Amino acid sequence: MSIDSSSQWVATGCPHDCPSGCGLLVETRADGTVGAMRGTPAHPYTQGEICGKVARYAERANQPERLTRPL
């Protein structure tokens, strides 16, 4: 996966309400979409790993047919 030079990495937390409260590094692209996601290596429990729920988050968030407002 290539990383665009206009993107930046942001440290954040996982949006799920799990007991581990994982730390994430998220690539934000210039067009406002989410790029790659990685676990924060310094997180004491996950040590840089991300779970299956979050691993494909960018694919779901950037899906063109995704609902963006209530029906």
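Above this text you will find the structure in question.
Remember, predicted model here, so these are calculated numbers, not experimental data.

Mapped onto the elements, Arg 29 comes out in the loop between strand E2 (23–28) and strand E3 (34–39). Classification of Arg 29 as partly exposed rests on a relative accessible area of 36%. With 22 residues separating them in the primary sequence, Arg 29 and Ser 7 have C-alpha atoms 4.3 Å apart.

The next thing to look at is the side chain of Thr 40. In this fold, Thr 40 is placed in the loop between E3 and helix H1 (52–55). A polar contact is formed between the side chain of Thr 40 and the backbone nitrogen of Leu 24, at a distance of 3.2 Å.

On the basis of which strands lie adjacent, the open sheet formed by 3 strands has the order E1-E2-E3 and antiparallel pairing. Each edge of the sheet is formed by a strand with only one pairing partner; in this case those strands are strand E1 (8–13) and E3. For this sheet, the mean inter-axis angle between neighbouring strands, taken without regard to orientation, is 30 degrees. Pairing geometry for E2 and E3, over 4 bridges, is antiparallel. Across the sheet, the residue bridging to Val 26 is Met 37, located in E3.

Cut-offs applied
- Along each chain, residues carry numbers from 1 onward, in the same order as the chain's sequence is written.
- Totals for whole chains, interfaces and linings use every residue, but because this is a predicted model, local features are given only for residues with pLDDT of at least 70 and side-chain atom pairs only at 80 or more, for both listing and counting.
- As a rule here, side-chain values cover all heavy atoms of the structure and leave hydrogens and water aside.
- A run of H or I in DSSP counts as a helix once it spans at least four residues, and a run of E counts as a strand once it spans at least two, with each numbered from the N terminus.
- Exposure classes here rest on a 1.4 Å probe applied to the protein chains alone. A residue is buried below 20% of its type maximum, exposed above 50%, and partly exposed in between.
- Between N or O atoms, a polar contact is any pair within 3.5 Å; within protein, one atom must be a potential hydrogen donor and the other a potential acceptor, and residues adjacent in sequence are included only when both atoms are from side chains.
- Pairing between two strands requires that DSSP report at least two bridges joining them.
- Inter-axis angles, ranging from 0 to 180 degrees, are taken between N-to-C directions of lines fitted to C-alpha atoms, where helices are fitted over the stretch in contact.

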